[in-house]
Amino acid sequence: MRIIFVAGESSPFVKTGGLADVIWGLSKALVRKGHKVSVFLPFYRQVKKTPDNYQWFDAFDVAQGWRMTHANILYDQRDGVDFYFVESDQYFGREGIYGYDDDAERFAFFSLAVKKAIIHKRFNPDIVHAHDWHAGLVPLMLADAGLKFRSVITIHNPAFQGYFNPMQLGDLTNLASVYYGSGLIRFNGMVSMLKAGISTCDAVTTVSKTHAKELMADKVSFNGIGSVIAGRHSDLYGIVNGLDYDEFCPEKDELIEKTYDINNYKTGKKANKVALLRHMGFTHPNSGQPVFGVVTRLTSQKGIDRILRVIPEIIENRGKIVILGQGEWDLEQSLEWYAKNFPESVKVYIGYNNKLAHLIYAGSDFFLMPSRFEPCGLGQIIAMHYGCLPIVSKVGGLSDTVFSFYDHRENATGFAFDNWDENCFDYSIGYVCNMYGEKKLNPLIENAMKMDFSWDKQVDKYIELYKSLLKR
Ligand code: GLC
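Residues numbered from 1 in each chain as written. Predicted model: local features only at pLDDT ≥ 70, side-chain atom pairs only at ≥ 80, totals over all residues. Heavy atoms only, no water.

Attention now moves to the pairing of strand S16 (residues 366-369). Neither face of S16 is left uncovered, since the one carrying Phe366 and Leu368 and the one carrying Phe367 and Met369 both have all their residues buried. Bridge analysis of strand S13 (residues 291-295) against S16 gives two bridges, and the strand direction is parallel. The partner of Gly293 across the bridge, within S16, is Phe367. Here four bridges tie S16 to strand S17 (residues 389-393), and the two strands are oriented parallel to one another. Across the sheet, Phe366 pairs through a bridge with Leu389, a residue of S17. In this region the chain leaves S16, passes through helix H15 (residues 379-385) and returns to the parallel neighbour S17; the handedness of that crossover is right-handed. (Buried < 20%, exposed > 50% of the residue type's maximum accessible area, 1.4 Å probe, protein only. Helix = DSSP H or I, 4+ residues; strand = E, 2+ residues; numbered from the N terminus. Pairing = 2+ DSSP bridges. Right-handed = clockwise from strand over helix to strand, strands pointing away.)

The following block contains the structure:
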């Protein structure tokens, strides 16, 4: 099959979150199964700065409302995946990736340029697969141009919906107001690019089965988008993300202190733990105390306020916590406060640091992920592979990937607490600290390390879906 991905980010070029890992991991896996995958991305300044041999592929003017903006399409190939970048300095030659006042205009422009490239260069894909709101308009724009390719949209994060004022519809997208009037793209009196994708694609997917159910039930409400998704329930699929085991593998990880596998994890993890504690500047890098790791965006979605609440419990139990991430200012400040006042228990690294992330997975005993909502989550999957036991809230992909000790003694791979009972997380910390040091945790570590979330397994579910759409 010829498959086109349209997304706001993808590794190895640009990453702000798990979306980038999924685009890259899934496209490589599709290529390994013999499919042709073309990924369209914006050519951000960050991508431009990455030294590479970007080749010229196409150039044209994009008419967007009253504007005429020039776009270059650049090309690069990585591991058999074809990448096409939309270059426009005006829209993407900026310091950051998202979060600008004109994001709607930027991604509407991106969508128009992708549409034009697909038509101009006769891509003729079997499947157009849009990811999140950034690409939500593309299938509709193609259909509007008379090209009805089979299409899929994957919702990675329903909290971002790509809104703009309906008065700007023609100005930003060249689409007729009938699409708004009919309700197809109208949401809460605005245009929503995410809704455009949900209502026009042949299939809608999200990144775990439980999250698909949660969305339909509008359990964690995202401005009510659940009702729109429920309207597509017969075309809705939950497919758990895979992990790129080339990048995350304790057996051959060059970024950690000592490689290990399931047969020698005890000595391996111990060496990494001491290295981690030393690296973070603890004066007593004692491997005999429980170490809790956190690698995440520091946002309320990720339950960082919940982590703040359990830090005293960790300190009381003579544990240590190492946190890596960046995000909301007040959360960063509160974490730094703890690090400053409890330097022998709490260490925080604000920023992005891939090497440290690997060391945290390899050197911690437990991985905290108390998210309020989590479509899939990758941290817990990586942690399990490194024999670091996840302690997670029972939501979305966390429920689908972690077998909780509280529910499945035999094949447990971690601990999952009730998302709706705020005290359960505190209780879990005390509980695991009590178990720590006893041999009771070893079977859990071994179960966790044996779990298989490889893309080569997960990709078949997408292939099956694409094939079923082509038969329609
Ligand atoms: C978003 C979600 C996360 C998911 C990732 C990739 O970042 O919050 O749960 O794993 O997308 O699909």
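After that view of the structure, there is still more to cover.
Attention shifts here to the side chain of Asp244. Its location among the elements puts Asp244 in the loop between strand S12 (236-238) and helix H11 (265-280). For Asp244, the contacting residues outside a window of four places in its chain are Trp24, Lys28 and Trp455. (Contact = heavy atoms within 4.5 Å.)

Following the criterion strictly, the structure yields 42 aromatic pairs and no others. Between the aromatic rings of Tyr75 and Tyr84, the centroid separation amounts to 5.2 Å while the plane-to-plane angle is 50°, which identifies the pairing as tilted. On the accessibility criterion, Tyr84 (7% relative accessible area) is buried. Measuring from ring centre to ring centre gives 6.3 Å for Phe83 and Phe85, while their planes differ by 15°; the resulting arrangement is stacked. Given a relative accessible area of 0%, Phe85 falls into the buried group. These aromatic residues form a ring-pair network of at least three members: Tyr44, Tyr91, Phe92, Tyr98, Phe107, Phe109, Phe110 and Trp133. Over the aromatic face of Tyr100 sits the side chain of Arg94, whose NZ or CZ is 4.8 Å from the ring centroid. For Lys347, the ring lying beneath its charged end belongs to Phe282, and the centroid distance is 5.1 Å. (Phe/Tyr/Trp six-rings, centres within 6.5 Å; stacked < 30°, edge-to-face > 60°. Lys NZ or Arg CZ within 6 Å of the ring centre and 35° of its normal.)

Next up on the list: the domain arrangement of the chain. For the chain, the assigned domains are domain 1 (2-242 + 456-470) and domain 2 (265-452). The centre of domain 1, based on its C-alpha atoms, is set 33 Å off from the matching centre of domain 2. Regarding the contact of domain 1 and domain 2, the summed buried area is about 1400 Å², with carbon and sulfur atoms giving 62% of it. Connecting domain 1 to domain 2 are seven residue pairs in polar contact (both at pLDDT 80 or more). Breaking the side of domain 1 that touches domain 2 down by element, the ones donating at least two residues are helix H1 (18-32) and helix H9 (209-217). With four residues, H9 is the largest single contributor of residues to the side of domain 1 that touches domain 2. In terms of residue class, the side of domain 1 that touches domain 2 is built from six nonpolar, ten polar and six charged. (Domains from an automatic or database assignment. Buried area = accessible area lost by both parts, 1.4 Å probe. Polar contact = N/O pair within 3.5 Å; in protein donor to acceptor, adjacent residues only side chain to side chain. Nonpolar A, V, L, I, M, F, W, Y, C, P; charged D, E, K, R; others polar.)

Across the sheet, three strands lie side by side as S8-S10-S9; this open sheet has antiparallel pairing. Both outer strands of the open sheet, strand S8 (163-164) and strand S9 (186-187), are each paired with one neighbouring strand and no more. Bridge analysis of S9 against strand S10 (residues 190-192) gives two bridges, and the strand direction is antiparallel. If you follow Phe187 over to S10, its bridge partner there is Met190. Its contacts with the sheet place helix H8 (residues 193-200) against S8, S9 and S10, and it is angled at close to 60° to S10. (Axes fitted to C-alpha atoms, helices over the stretch in contact; angles between N-to-C directions.)

Okay, helix H14 (residues 354-363) next. Burial within H14 is extensive, with eight of its ten residues counted as buried. Considered for burial, the residues of H14 that qualify are Leu356, Ala357, His358, Leu359, Ile360, Tyr361, Ala362 and Gly363. On its buried face, H14 is in contact with H11, S13, strand S14 (320-325), strand S15 (346-350), S16 and H15. At the N-terminal boundary of H14, the capping side chain belongs to Asn353, with an oxygen 3.2 Å from the backbone nitrogen of Lys355.

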